[in-house]
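# Tertiary structure, described
Each chain, written out:
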Amino acid sequence: MTTIQTFIHRRGFRRAASLILFALVLASIGLIRAAEQTSPPPFYPDKLDLMHWLDDEGRRHPVTTLKDWQKRREHILRNFELATGPLPGAERKVPLDVRVTEVVQLEKYERRKLTFATEHNDRVNAYLLIPKKIKGRVPAVLCLHQTTDIGSREPVGLGGSTDLHYAAELAERGYVTLVPDYPYLGENHYDPYKNGYVSCTMKGIWNHMRAIDLLQSLPEVDGQRIGAIGHSLGGHNSLFVAAYDDRMKCVVSCCGYGSNEEYFKQHKFTGGEGVRYYPRIKELIGGDAKKMPFDLIEIAATLAPRPFLTVAPLRDSNSPVPGLPDAPGPLTPLSELHNAPHRPVLAFPDAEHTFPVASREKAYAWFDRWLKANQGRPTGTAGSSYGKRLPLAASGKTPYLIVIGTNPTPEEQTASEWLAATLEQVTGAKFPIQKQDAKDLPATIIRIAADPKLKSEEWRIRTVGETLLLEGGWPRGTIYAVCEFLETHVGVDRLDPFTEVVPRKPTLTIPALDRRGQPAFGYRSV
């Protein structure tokens, strides 16, 4: 008897027939799913129109819901993987087995050199910087280096350009930072192509996801507040890891991407097929930009709705700026779709292929805004005013006055006028400016005042009862206090000294506050 005849004989015809039919159905479903996984994703001729998705027949459908966007996002990553290969599965994970090989004590942080396991036959070299005098768990930033022979040594300040020592500078500001070596650079001699990868890019993504695992394992790190920053190669890689790992909450990319069209004009695409990227792209497109399965601006779009800052120097010959000034156009609707309180922000310093001081200041302030949002606030006690929220405006109306002294400095006058104008744009309510001394003031005021106890340029934002105090040290501390308040607590994005993106909030409330800080650099601009 055959196997099936034996089965029928033992089980009975009807039951056996139903079980066989069920098995056939399961097999067909498996085949369908396998076909779905192996069938190529739809090709998008207009990649920068992010607000549509294509079905299997190539028909366009508008992106009007988050479910629609998830379809387009999946297509973006699947098209990306045509060049990079798929993300490895969890079976590649092994224990991190962190081994520290060197510890150096510096003034503001401890620098550890270490290796960690990313998969069964690979250990990655990295530097870990841990700030001193921290209390509790603090935010962390994964710092990714550019194409340089010294790899991770540059961001930690052990060589290379001082404009690219961002891991050391962030550690001095209180962030735990981790800098792994990328394959073929620094001390990383792993060959992805001999170990089953079709691109160095995907191996980098895997390594960087394991680096996030390492950060989350540290007792000093708040695993829910992790960001990424990178320049050039590191700028690409900060996008790539965030596209695949939503544990990355905030991203800064410098000289990291541009549109396909502009990149081809500049380079005839001599970078993407290099050994450190995705050489398969050469056979996929044959030198024809129109055949590119993805655009890096699409990859940037997959980060939505997370806060994302792009630094694009105007004279960068590597990632051409002409492909970027219009990039917020396609990205902005995604922030609106997600109802995010922010928009993608681009900064255009007048520089070449580097990360200028003022732009780094903006990047660090960006991390402060999104990763340190809950730090520096008082816990208060039961029944105290610390537990209250201040309703600065409701339905386009406000009971608040902006109060400055009877003889304000030019900086205080400027700060008050800027605050009043911006709050009116945000809420629709008029906030009158009143010159008055400290006595006999109503409770519902926003007081802008110099504080001689504060250091030069230092600012302080605090609430006392129903009063909001924006205080500053000489000479421009009050301007910095207003700037910090508008960016962090109102949601205003300052793109450059002359351009702001202002949200619309007819009703505006703020939590109890007591924060202070000081600009990292003496000049704030991009």
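Quick caveat: nothing in here was measured; it's all calculated off a predicted structure. (Residues numbered from 1 in each chain as written. Predicted model: local features only at pLDDT ≥ 70, side-chain atom pairs only at ≥ 80, totals over all residues. Heavy atoms only, no water.)

### Observations regarding the overall build of the chain
Rule in force here: In this text, helices come from DSSP runs of H or I with a minimum length of four residues, and strands from runs of E with a minimum of two, each type numbered from the N-terminal end. Each residue is placed in one exposure class: buried if its accessible area under a 1.4 Å probe, protein chains only, is under 20% of its type's maximum, exposed if it is over 50%, and partly exposed if it falls in between. Note on contacts: a residue pair is in contact if any heavy atoms of the two residues lie within 4.5 Å. For the accessible areas, the method is Shrake-Rupley and the probe is 1.4 Å, while residue cover comes only from the protein chains on display.
Within the chain, the secondary structure is distributed over 13 helices and 21 strands. Split into buried and exposed, the 526 residues of the chain put 53% on the buried side. Looking at the chain alone, contacts between residues at least 24 apart form 68% of all its contacts between residues at least 6 apart. Here the chain displays about 24,100 Å² of accessible surface, and carbon together with sulfur accounts for 53% of that area.

### Description of the side chain of Asn207
Mapped onto the secondary structure, Asn207 falls in helix α5 (residues 200–217). Leave out the neighbours within four places in its chain, and Asn207 touches Phe116, Thr118, Asp122, Val124, Pro183 and Asn188.

### Quick notes on the pairing of strand β6 (residues 138–144)
Let me state the cut-off plainly: Two strands pair under a simple rule: DSSP has to find at least two bridges between them. Crossovers are marked right-handed if the path from the first strand over the helix to the second runs clockwise, as seen with the strands pointing away from the viewer.
Of all the seven residues making up β6, seven are buried; the element is thus mostly covered by neighbouring parts of the structure. Summarising the sheet, β6 and strand β8 (residues 221–231) pair through six bridges and their orientation is parallel. Across the sheet, the residue bridging to Cys143 is Ile229, located in β8. Here three bridges tie β6 to strand β7 (residues 176–180), and the two strands are oriented parallel to one another. Bridge pairing in β7 links Ala140 to Val176. Traced from β6 through helix α4 (residues 166–172) to β7, the parallel crossover comes out right-handed.

### Digging into the packing of helix α12 (residues 410–427) against helix α13 (residues 477–490)
Axis angle and axis distance: for two packed helices, these are the angle between their axes and the distance between the axes, and together they describe the pair. Using the following cut-off: The axes are straight lines fitted to the C-alpha atoms, using for helices just the contacting stretch, and the angles between their N-to-C directions are given from 0 to 180°. Between 65 and 115 degrees an angle is taken as roughly perpendicular, under 35 as roughly parallel, over 145 as roughly antiparallel, and anywhere else as oblique. It is the rotation of the near helix from the far one that decides the hand of a crossing: anticlockwise by less than a right angle makes it left-handed, clockwise makes it right-handed. Residue type decides the class: Asp, Glu, Lys and Arg count as charged, Ala, Val, Leu, Ile, Met, Phe, Trp, Tyr, Cys and Pro as nonpolar, and the leftover types, Gly among them, as polar.
Contact geometry of α12 with α13 gives a least axis separation of 8 Å together with a crossing angle of 20°. Relative to α13, the element α12 lies roughly parallel. The interaxial crossing formed by α12 with α13 has right-handed handedness. Residues Glu411, Glu412, Thr414, Ala415, Trp418, Leu419, Thr422, Leu423 and Val426 of α12 form the contact with α13, whose participating residues are Thr478, Ile479, Val482, Cys483, Phe485, Leu486 and Val490. Across the contact of α12 with α13, the residue classes tally to eleven nonpolar, three polar and two charged.

### Digging into the sheet that holds strand β17 (residues 467–472)
Neighbouring strands of a sheet are bound in pairs by backbone hydrogen bonds; such pairs are parallel or else antiparallel. Judged by pairing direction, the sheet is mixed, and its six strands sit side by side in the order β14-β13-β15-β17-β16-β21 without closing on themselves. Taken across any chain shown, the strands that pair with only one partner, and hence form the sheet edges, are β14 (433–435) and β21 (514–517). This sheet shows a mean twist of 20° between the axes of neighbouring strands, independent of strand direction. The pairing of strand β16 (residues 459–464) with β17 spans six bridges and is antiparallel. The residue of β17 that forms the bridge with Thr463 is Leu468. In the packing of α12 onto the sheet, the strands contacted are β13 (401–404), β14, β15 (445–450) and β17, and the crossing angle to β15 comes to about 155°. Sitting on the sheet, α13 touches β15, β16, β17 and β21, and the angle it makes with β17 is about 130°.

### Observations concerning the nonpolar core
Using the following cut-off: Here, nonpolar core means buried Ala, Val, Leu, Ile, Met, Phe, Trp, Tyr and Cys residues that are tied together by side-chain atoms lying within 4.5 Å of each other.
Of all hydrophobic cores here, the largest spans 67 residues; its most connected members are Val176, Met248, Phe294 and Ile299. Among the elements that take part in this core, α5 stands out by supplying nine residues, more than any other. Setting aside anything within four residues of it in sequence, one finds Met248 in contact with Leu142, Ile212, Ile226, Gly227, Ala228, Val241, Ala242 and Arg306. Grouped together as the second largest cluster of nonpolar side chains are 32 residues, Tyr400, Trp418, Ile448 and Trp459 included.

### Details of the environment of Tyr190
Within the secondary structure, Tyr190 is located in the loop between β7 and α5. Put simply, Tyr190 and Asp122 are 68 residues apart on the chain and 7.0 Å apart in space, counted from C-alpha to C-alpha. In contact with Tyr190, not counting residues within four places along its chain, are Glu119, Asn121, Asp122, Pro183, Tyr184, Asn195, Tyr197 and Lys203.

### Concerning the environment of Arg99
Let me state the cut-off plainly: Here a polar contact is recorded for every N or O atom pair within 3.5 Å, except that within protein the pair must consist of a potential hydrogen donor and a potential acceptor, and residues adjacent in sequence are included only if both atoms are side-chain atoms.
Following the sequence through the fold, Arg99 ends up in strand β3 (residues 99–105). With 16 residues separating them along the chain, Arg99 and Thr115 place their C-alpha atoms 5.4 Å apart. Here Asp97 takes part through its side chain, which lies 2.7 Å from a polar atom of the side chain of Arg99.

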